[in-house]
Amino acid sequence: MNFRIPLFDLNYGRVEDGAVLKTLHSKWISMGPNTKRLEKEFASFLNVKNSVAVTNCTAALHLALKVLGIGEGDEVIVPSLTFVATVNSVRYVNAMPVFADITSVDNFSIDPVDIEKKITPKTKAIIVMHYGGFACDMDAIMKLAKRYNLSVIEDAAHSPNSDFKGKKLGTIGVIGCFSFFSNKNITCAEGGMIVTNDDALAEKARLLRSHGMTSLSYDRARGHSADYDVLELGYNYRIDDIRAALALVQLKKLEGDTIKRKKLREYYLEELAKMNTIIIPYKDNKFGSSNYIFPIVLKNSDFKKRDKVRQKLAKAGIQTSVHYPAAHRFTIYNELSTTLEKTDYVSDNVITLPLYYSLKKKQIREIAEKLNRYLKEDKNEKD
Ligand SMILES: *Cc1c(COP(=O)(O)O)cnc(C)c1O
């Protein structure tokens, strides 16, 4: 189906075209100089010591857990209102994900109070996810981490230009993981980044990114005779220089993209202000947000009503989505039989409205007007 107003649109132009062609013509298309430059510029943008580019954020999360030595018998506390990759990554290292609820129906961030309830002697780490680019309560979470000696991994897939009290998200925990998937704020189709201030962890991630193979210079320094050695069971999680070229251009556009998205969010807030049938999460957010998505939650609703409203919007040419179907309710996590009341309500009643660089105010007015109308119709049909 072709939507008049899509959920997301790429912020791509001639500069991206040129960057790709230049890389193709250079004849070096796999990981190389562009990747190095991307890592350098991304680290300096975030003001973090190390960054390691990888093939996607899922690989970044896997490597993060791996380099922290998390494995069999360990537990990792995770949100459920997230993309399933956050949770799956824990299973890749044979550890157990333990779900924690969100803070409230208007704050989708993982709840520090529920995190503390879920800590056991087996808990080794917490993965937080900064939903939509809005910061989790990192003061409370880092305090817990310190008290119980846990590592904090930030799934910063939504938040490449967000902060918490002036600190860029992704740089507060021990490791931050970013995504450059096609609908993210920075995109190169598929891509990801690991950032950390810990040199040893970065070194290890670099090694595991490419088969656990030592580099030539590293090899020489250690006096090996062979061309390379393999130190650990690594993976092929390399990005390529065509994608790195795209990500470099997108990184340069990020600040402008963030400013525009902030304005569009403010416009949504104005247009939706009078609607008492919905909740707008993070309304009082005080920190810088990349505004990856614009979610709303229907009041006094259930998934049937939500789906009906979404269908009407779709018929009117407006694409919406659901961020997210709760991970703990998927078949593979059913056996953990977790109940998360607030996550369940949001998962059943959230609607993600369109938000992207080239979205127009006029389109936001139309979305708000239609949403209001369809919710009123639903009420009248019931009365
Ligand atoms: C997109 C996303 C991921 C996965 O990123 P990929 O780069 O597609 O692997 C992980 N976590 C969250 C919260 C995401 O939104």
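The structure we're discussing is the one just above.
Here goes a summary of the coordinates provided. (Residues numbered from 1 in each chain as written. Predicted model: local features only at pLDDT ≥ 70, side-chain atom pairs only at ≥ 80, totals over all residues. Heavy atoms only, no water.)

## With respect to the overall build of the protein
A count of helices and strands for the protein gives 13 helices and 14 strands. When its C-alpha atoms are laid out on the principal axes, the protein stretches across 80 × 55 × 35 Å. By the burial criterion, 54% of the 383 residues in the protein qualify as buried. Of the contacts made within the protein by residues no fewer than 6 positions apart, 72% connect residues no fewer than 24 positions apart. If you sum the accessible surface of the protein, you get close to 17,900 Å²; carbon and sulfur atoms cover 52% of it. Distance between charge centres in the protein, computed from 57 positive and 46 negative side chains, equals 5 Å. (Helix = DSSP H or I, 4+ residues; strand = E, 2+ residues; numbered from the N terminus. Buried < 20%, exposed > 50% of the residue type's maximum accessible area, 1.4 Å probe, protein only. Contact = heavy atoms within 4.5 Å. Areas by Shrake-Rupley, 256 points an atom, 1.4 Å probe, with all protein chains shown as cover. Lys, Arg positive; Asp, Glu negative; His and termini not counted. Charge placed at Lys NZ, Arg CZ, Asp CG, Glu CD.)

## As for the sheet that holds strand S13 (residues 294-298)
Taken in spatial order, the three strands line up as S12-S13-S14 in an open sheet, and their pairing is antiparallel. At either end of the open sheet lies a strand with only one pairing partner, and these are strand S12 (278-279) and strand S14 (350-353). Alignment of S13 against S14, held across four bridges, turns out to be antiparallel. Within S14, the residue paired with Pro295 across the bridge is Thr352. Contacts from helix H9 (residues 241-272) reach S12, S13 and S14 within the one sheet, and its direction differs from that of S13 by about 25°. The strands touched by helix H12 (residues 341-349) are S13 and S14; relative to S13, the strand with the most contacts, the crossing angle is about 105°. (Pairing = 2+ DSSP bridges. Axes fitted to C-alpha atoms, helices over the stretch in contact; angles between N-to-C directions.)

## A look at the site of the ligand
Taken together, the neighbourhood of the ligand is formed by 16 residues, with Cys57, Thr58, Asp155, Ser179 and Lys184 sitting nearest. Here Cys57 contributes a backbone N or O atom positioned 2.8 Å from an oxygen atom of the ligand. Thr58 is positioned with one of its side-chain polar atoms (N or O) 2.5 Å from an oxygen atom of the ligand. Considering the ligand on its own, with 380 Å² of exposed area, one finds that the protein chains cover 94% of that surface. Every element with two or more residues in the shell around the ligand is listed here: helix H3 (57-67) and helix H4 (85-92). Its residues placed into classes, the shell around the ligand shows seven nonpolar, seven polar and two charged. (Near = heavy atom within 4 Å. Polar contact = N/O pair within 3.5 Å; in protein donor to acceptor, adjacent residues only side chain to side chain. Nonpolar A, V, L, I, M, F, W, Y, C, P; charged D, E, K, R; others polar.)

## Topic: the pairing of strand S11 (residues 192-196)
By the criterion of burial, S11 is predominantly enclosed, with five of the five residues buried. Every second residue of S11 is oriented toward a common face, with Gly192, Ile194 and Thr196 on one face and Met193 and Val195 on the other, all of them buried. Inspection of the sheet shows strand S10 (residues 175-179) paired to S11 by four bridges, in the antiparallel sense. From the neighbouring strand, Cys177 faces S11, where its bridge partner is Ile194.

## Section: the sheet that holds strand S3 (residues 96-100)
Across the sheet, seven strands lie side by side as S1-S11-S10-S7-S6-S2-S3; this open sheet has mixed pairing. Among the strands making up the open sheet, the edge pair consists of strand S1 (50-54) and S3. Across the sheet, the mean angle separating the axes of adjacent strands is 20° when strand polarity is ignored. As judged from the five bridges shared by S1 and S11, these two strands associate in the antiparallel manner. Residue pairing for S11: Asn50 is matched across the bridge by Thr196. In the packing of helix H6 (residues 138-148) onto the sheet, contacts are made with strand S6 (123-129) and strand S7 (151-155), and the angle to S7 comes to roughly 145°.

## A word on the packing of helix H10 (residues 303-315) against helix H13 (residues 361-382)
Contact pair H10 / H13: the axes reach a minimum separation of 10 Å and the direction vectors enclose 130°. When the axes of H10 and H13 are compared, the pair comes out oblique. For the pair H10 and H13, the crossing hand works out as right-handed. Contacts between H10 and H13 involve Lys305, Lys308, Val309, Lys312 and Leu313 on the former and, on the latter, Lys370, Leu371, Tyr374, Leu375, Glu377, Asp378, Glu381 and Lys382. (Parallel < 35°, antiparallel > 145°, perpendicular 65-115°, else oblique. Left-handed = near helix turned anticlockwise from the far one by under 90°.)

## Side note on the packing of aromatic side chains
Considering all chains together, one arrives at 11 aromatic pairs under this definition. Ring geometry for Phe99 versus Tyr333: centroids 5.8 Å apart, planes at 80°, classification edge-to-face. One end of the pair, Phe99, is in strand S3; the other, Tyr333, is in helix H11 (residues 331-334), and 234 residues separate them in sequence. The pair formed by Phe99 and Tyr333 is uniform in burial state, with each residue classed as buried. Ring geometry for Tyr268 and Phe294: centres 4.2 Å apart, planes at 5°, overall stacked. Here the residue Tyr268 occupies a position in helix H9, and Phe294 occupies one in strand S13, the gap between them amounting to 26 residues. One exposure class covers both Tyr268 and Phe294, and it is buried. An aromatic cluster is defined as three or more aromatic residues linked by ring pairs; in this entry it consists of Phe83, Phe108, Tyr131, Phe134, Tyr282 and Tyr324. The ring of Phe45 has Lys168 sitting right over it, with the charged end atom 5.2 Å from the ring centre. (Phe/Tyr/Trp six-rings, centres within 6.5 Å; stacked < 30°, edge-to-face > 60°. Lys NZ or Arg CZ within 6 Å of the ring centre and 35° of its normal.)

Just distances and angles here, no functional claims.
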